[in-house]
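# Structural overview
Chain by chain, the residues run as shown.
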Amino acid sequence: MKNKTLAFMMAMVISGMLLGGCSGTSYSGLEALQREATETDKAPEGLTMGEVELEKIRLVAEANGKKYYLGEGKQHRPTCLIVESADAYFSHSGCTDSIQGEMLRISGPDQKSAVLVSDGYDTKELESSGLTKIHPNILVVTN
């Protein structure tokens, strides 16, 4: 009986080590944030993110009279979606520590949703629900 228990324990330890090796890749942030900053990547005037400090902000899309920015903090977290409207009242933002799938869904005072998704995420279901893809990482309500 001792040999079976020892064999089981060894198998569990080895399995854990093998699985740990598979998941050892570190998150390097969204691809859209990897490019060098340009003049257009300036944060919207008056932007306050509470206690969140962003190291990068990039303008990635414009649609429906709004500008859409992605931002990230130290070590690629949190990731933030910032929606700038011509009327500052309708500007809004949100941040998440998620790194996969549908990462974040935010709505502003106009009740128009914006969804942040990870790189390579299959957005067919979101698009079939009425959202429009304006960037590989952003879907919005357009009507």
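From a predicted model like this one, the values you see are computed outputs, not experimental measurements.

## A word on the pattern of salt bridges
Pairing of side chains with opposite charge becomes possible as their charged atoms draw close. Under the definition given, this model contains 4 salt bridges. The residue R35 makes a salt bridge to D41 at a minimum N-O spacing of 2.7 Å. According to the relative accessible area criterion, R35 is partly exposed, its value standing at 33%. Close ionic contact of K66 with D110 constitutes a salt bridge, the shortest N to O distance being 2.5 Å. Note that K66 is positioned in strand β2 (residues 66–72) and D110 in the loop between β5 (102–107) and β6 (113–117), a separation of 44 residues in sequence.

## Quick notes on the side chain of S113
On the secondary structure map, S113 appears in strand β6. Residue class for S113 comes out buried when judged on its relative accessible area of 15%. Polar contacts involving the side chain of S113 include one to the side chain of S107, which spans 3.1 Å. Those residues in contact with S113, other than ones at most four positions away along the chain, are I106, S107, L139, V140 and V141.

## Topic: the pairing of β6
The buried fraction of β6 amounts to 5 of the 5 residues, a majority that puts the element mostly inside the structure. Along β6, one buried face is formed by S113, V115 and V117 and the opposite face, lined by A114 and L116, is buried too. Where β5 and β6 come together, 5 bridges link them in antiparallel fashion. Residue pairing across strands places R105 opposite V115, the latter belonging to β6.

## Concerning the state of the cysteines
If you walk through the whole model with that rule in mind, you get 1 disulfide. The residue that forms a disulfide with C80 is C95, at a sulfur-sulfur distance of 2.0 Å. The S-S bond linking C80 to C95 shows a torsion near 105 degrees; that makes this disulfide right-handed. Of this pair, C80 sits in strand β3 (residues 79–85) while C95 sits in strand β4 (residues 92–96); the two residues are 15 residues apart in sequence, bridging distant segments of the chain. On the basis of relative accessibility, which here comes to 28%, the residue C95 falls in the partly exposed class.

## Comments concerning the environment of G120
Position of G120 relative to the elements: it lies in the loop between β6 and α2 (124–128). Classification of G120 as exposed rests on a relative accessible area of 80%. In this structure the C-alpha to C-alpha distance between G120 and N137, which are 17 residues apart in sequence, comes to 8.3 Å.

Cut-offs used in this document
Residues numbered from 1 in each chain as written. Predicted model: local features only at pLDDT ≥ 70, side-chain atom pairs only at ≥ 80, totals over all residues. Heavy atoms only, no water. Salt bridge = Lys/Arg side-chain N within 4 Å of Asp/Glu carboxyl O. Buried < 20%, exposed > 50% of the residue type's maximum accessible area, 1.4 Å probe, protein only. Helix = DSSP H or I, 4+ residues; strand = E, 2+ residues; numbered from the N terminus. Polar contact = N/O pair within 3.5 Å; in protein donor to acceptor, adjacent residues only side chain to side chain. Contact = heavy atoms within 4.5 Å. Pairing = 2+ DSSP bridges. Disulfide = S-S within 2.5 Å.

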